[in-house]
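Structure at a glance
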Amino acid sequence: MSLSYVDGVNFRGCSFANYMSDAANRGVGIEAWDAGFRISPGCTTSGIDPCPDPILTYFSGFEDAIYAYTWSETPSIFINGAVFDDNGFGIKLEAINYVTVINSEFNIGQSFKGLEQCSTVYGVGIYLHHCVYYTIENNTFNGGYSGNPNTQDNYIGIWVQNNHFEFFDVQDNEIYRNTFNHLTDGNLAIGKHVYAENGFWVGGLQYKCNNNSNNKYDFRTGNIGNAGIWLDQGSFERAAGNKFSKHSTPPGSDFANFAKGIAYGLWYFYWPDPYDLSQFPENVINVIPFPANNPHPCTDNYGGGTGQINLMGLTEEQKDHFEQMLSENQAIYNSIYNVLCGLIC
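A brief report on the enclosed structure follows.

The rules behind the values
Residues numbered from 1 in each chain as written. Predicted model: local features only at pLDDT ≥ 70, side-chain atom pairs only at ≥ 80, totals over all residues. Heavy atoms only, no water. Pairing = 2+ DSSP bridges. Helix = DSSP H or I, 4+ residues; strand = E, 2+ residues; numbered from the N terminus. Axes fitted to C-alpha atoms, helices over the stretch in contact; angles between N-to-C directions. Buried < 20%, exposed > 50% of the residue type's maximum accessible area, 1.4 Å probe, protein only.

In this section: the sheet that holds strand β14 (residues 105-107). The seven strands are arranged β3-β8-β11-β14-β17-β20-β23 in an open sheet whose pairing can be described as parallel. Lying at the two open borders of the sheet, with one neighbouring strand each, are β3 (15-17) and β23 (211-213). Direction aside, neighbouring strands of the sheet carry axes that sit 5° apart on average. Summarising the sheet, strand β11 (residues 82-85) and β14 pair through three bridges and their orientation is parallel. Counted as the bridge partner of F84 is F106 from β14.

The subject of this paragraph is unusual backbone geometry. Peptide bonds are trans in most cases, and residues, glycine excluded, mostly fall at negative phi. Between T249 and P250 the backbone carries a cis peptide bond, its omega angle lying at -5°. Following the sequence through the fold, P250 ends up in the loop between β26 (232-233) and β27 (255-257). A positive phi angle, close to 60°, is found at Y98, a residue other than glycine. Mapped onto the elements, Y98 comes out in the loop between β12 (89-94) and β13 (99-102). Judged by its relative accessible area of 27%, Y98 falls in the partly exposed class. Backbone geometry places Y133, a non-glycine residue, at a positive phi of 55°.

In short, the description is geometric, and any link to function would need to be established separately.
Encoded structure:
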């Protein structure tokens, strides 16, 4: 499916599948150029909300299940309740703003192009290149990491990259309340995802309330120039709320901060629960843990579980309108909250 210079295209309960295994024919499920679209569950039962039997949208067997790119102001992309099976990249976005991906499942496959170009196996759930104002919440990422820390295979849950930061804004963003299992990198951040005001680092990307298990690295940052993520992950007032895989190897398995150009390490705020040590980042590189005064409640902003957002008594057009408003306002709220918390928390 190819979209160009359109907005408002809806996909409900659709299925996209490619059964050709050779690299040249893996292809793309949905490719969008300067185009906005929405993916949400369908329903076989009318008149009942939330839907008791939602029909999710499936993508299977592609090199890129969804690929969208732009160099101009673009309509937003909204993805709710989709399943991505055995794709090289589940979602690959370049210079797209106001992206929402919620309540979806990524069973990460292998990128055949990556095998040809890099001589190594890798697959990615979500790849965001020069994107801002994104909301990624209530998703599950499953990979093929064997547990051997010496493996050369790479299965990445969410990969964010900004290596031309002189041309692109850095804004406050959160990756929130997702689950990462059996991945080489649960979350990988390359380039600059932090910004300064009046000489102080005050904002950027934060990871909050994510659950990790059996990953090689739960969180890892790499370096391009004066780079990194927001130096405060959480605050003294409220913990970041992430849970870690808690492996002893490799070094930095819980949180590895390899970003350079910033004089000191990340400040990570955890909740010191003596009965649950999963929130304490023990195996870290260039990360300084601090106990927070309060736990993070990790509330669900989007009513996940069934893939439906509960909007009772509205027409389909009204639901679409308010779902989109909710996602855009949630991104704006997160940005404002992070700025204020950076000043007073």
